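# Observations on chain architecture
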Amino acid sequence: MSRARCHLRAALFLAAVSSRGATTGVAARRVLSAWPAPQEPGMEYQDAVRTLNTLQTNANYLEQVKRQRGDPQTQLEAMRLYLARSGLQVEDLDQLNIIHITGTKGKGSTCAFTERILRSYGLKTGFFSSPHLVQVRERIRINGQPISPELFTKHFWRLYHRLEETKDDSSCVSMPGYFRFLTLMAFHVFLQEKVDLAVMEVGIGGAYDCTNIVKKPVVCGVSSLGIDHTGLLGDTMEKIAWQKGGIFKSGVPAFTVLQPDGPLAVLRDRAQQISCPLYLCPPLEALEEGGPLLTLGLEGEHQQANAALALQLARCWLQQKGYRDTGELKASRPSLPGQLPLAPVFQPTSHMQHGLRDTEWPGRTQLLRRGPLTWYLDGAHTTSSMQACVRWFRQALQSRERLGGGSEVLVLLFNSTGDRDSAALLKLLQPCQFDYTVFCPNLTEVSSTDNADQQNFTVTLDQVLLRCLAHQQHWSRLHEDQASPEPGGPAPLLLAPRPAHTHSASSLVFSCISHALQWISQGRDPVFQPPSPPRVLFAHPVAGSGAVVLQEAAAIHVLVTGSLHLVGGVLKLLEPSLSQ
């Protein structure tokens, strides 16, 4: 039997003995959290989310997507039909005064900054984003807050029944998929709540994303572009830029952060073809000239770029709606021939500054300090975002409060999903010189049937554990190659003193996030205090010896990264209030 298979069987055993009523590995090898939709839906929030989750594996829908890959335009046509069946027309969405934002890295943060700036002007805001970290209702927000379980439940069943009542027997698909359904639901919630504006984050795509049925947004934005979702968007930056530029609309202003030359040229050409006025955002320091903006706690250059884009989007929206307090215009910078015109350089208003300062967007460059533990949470999942994450993590460590004595331990908690290149992501993390590296699936518990928000019908336990073992193998190979580092590579991050052990390449795989956190924290996190872990968690030699090191360390620094879903599961356990 191969070593990998032995590890898998051990992990499956952990899963089996820990799940309710499961006593064999066979019981664990099931589709994750499979739960049938109730025959007569109740009015409880969890019932609504369980029924929503069945749309993840709508067989007819998945088959339709496969057929439509050769003709993506039909995806938008299908979305318009779903919208009509739900009781709305595309023209109804014009009432929402939408700000439409796409990109690869930072689009969620840009949305959060934009929404908070405009809310500081006293406007009632709607905000649609994905994915969620802890509860699915986070995807639909009113005035920055996730809609209540009661409001989510009411709108879910209303839309679900409406679509059931209007289905055509001749149609091959009666229900939209998971993301499409939530997009439709967001439109209905925002219209009923009579928001002044809605900030809409584009999903994976752009041109053929289901949010792109909006015909008349007020303004559009493009955050930093990178390589991601190549199976859907293309395998080059230029192809991805073409997709993202598909949200541009004729006569609707659009703004982009600085991009590499190739993708920027594609965005420029796309805008010209659509007759969309596209502007390049100046950097944040050009707006503040020594003022207060750079002291707002914006972590890293990438967040400053997101903030600069958000300021332009908010200002443009305000001006389109006749607001006067939009910041004093400074001397504009001339554009070079053939380049994009630069967006206005202006002095941000006090409302804008307060909006940036008060933005809360968990799971992105987030720190939680708990006794001897410091948790560094960042959902980076592309090479460019991981590079930014590593810079932030290293800077945060270097600026930390130095201890008078005792050892410090660095721990990485990592997972990566989909078609992402986990080996490339792990290589970027290697210079941080972690003492221990922990891999686990994006499951808070082995069995998540009690929490529908964490269910995932699209993968099996075997699949996610095998992927974690693949991550572990990539990590081991990186350490085998460490003896001959590449010239000119980043210098390792050294902490002194370090624990007196030789586990620089030590790694572990756990079957769920809860078990991983139990081993890392060793009961020393004052908030995360689960029941005593199963003894089998410490059966591995590295787990046993590492537990002693972690128990005796003066400080433990834990970086959680690679997946927003992983970060969400960690936050669910470390911040129980987010589940209330």
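As the structure is a computational prediction, the values presented were derived from the model and not from experiment.

Our focus in this paragraph is the packing of helix H15 (residues 383-398) against helix H16 (residues 422-429). H16 packs onto H15 with a crossing angle of 20 degrees between their chain directions and a minimal axis gap of 9 Å. Considering their axes alone, H15 and H16 lie roughly parallel with respect to each other. The interaxial crossing formed by H15 with H16 has right-handed handedness. Here H15 contributes Thr 383, Met 386, Gln 387 and Val 390 to the contact with H16, which in turn contributes Ala 424, Leu 425, Leu 428 and Leu 429. Each residue belonging to the contact of H15 with H16 can be placed in one class, and the counts come to six nonpolar, two polar and no charged.

Here we take up the packing of aromatic side chains. For the coordinates displayed, the defined rule picks out 19 aromatic pairs. Taking the centre distance of 4.8 Å and the plane angle of 80 degrees together, the rings of Phe 156 and Trp 157 count as edge-to-face. Considered together, Phe 156 and Trp 157 belong to a single accessibility category, that of buried residues. On the basis of an interplanar angle of 35 degrees and a centroid distance of 6.2 Å, the ring pair of Phe 510 and Trp 519 is categorised as tilted. Each of the two residues, Phe 510 as well as Trp 519, counts as buried. Here a set of aromatic residues connected by ring pairs shows up, and it is made of Tyr 45, Phe 152, Phe 156, Trp 157, Tyr 160 and Phe 181. Sitting over the face of the ring of Trp 242, Arg 270 holds its NZ or CZ atom 3.7 Å from the ring centroid.

Thresholds, definitions, all that
Residues numbered from 1 in each chain as written. Predicted model: local features only at pLDDT ≥ 70, side-chain atom pairs only at ≥ 80, totals over all residues. Heavy atoms only, no water. Axes fitted to C-alpha atoms, helices over the stretch in contact; angles between N-to-C directions. Helix = DSSP H or I, 4+ residues; strand = E, 2+ residues; numbered from the N terminus. Parallel < 35°, antiparallel > 145°, perpendicular 65-115°, else oblique. Left-handed = near helix turned anticlockwise from the far one by under 90°. Contact = heavy atoms within 4.5 Å. Nonpolar A, V, L, I, M, F, W, Y, C, P; charged D, E, K, R; others polar. Phe/Tyr/Trp six-rings, centres within 6.5 Å; stacked < 30°, edge-to-face > 60°. Buried < 20%, exposed > 50% of the residue type's maximum accessible area, 1.4 Å probe, protein only. Lys NZ or Arg CZ within 6 Å of the ring centre and 35° of its normal.

Worth remembering: the numbers are spatial, not functional.
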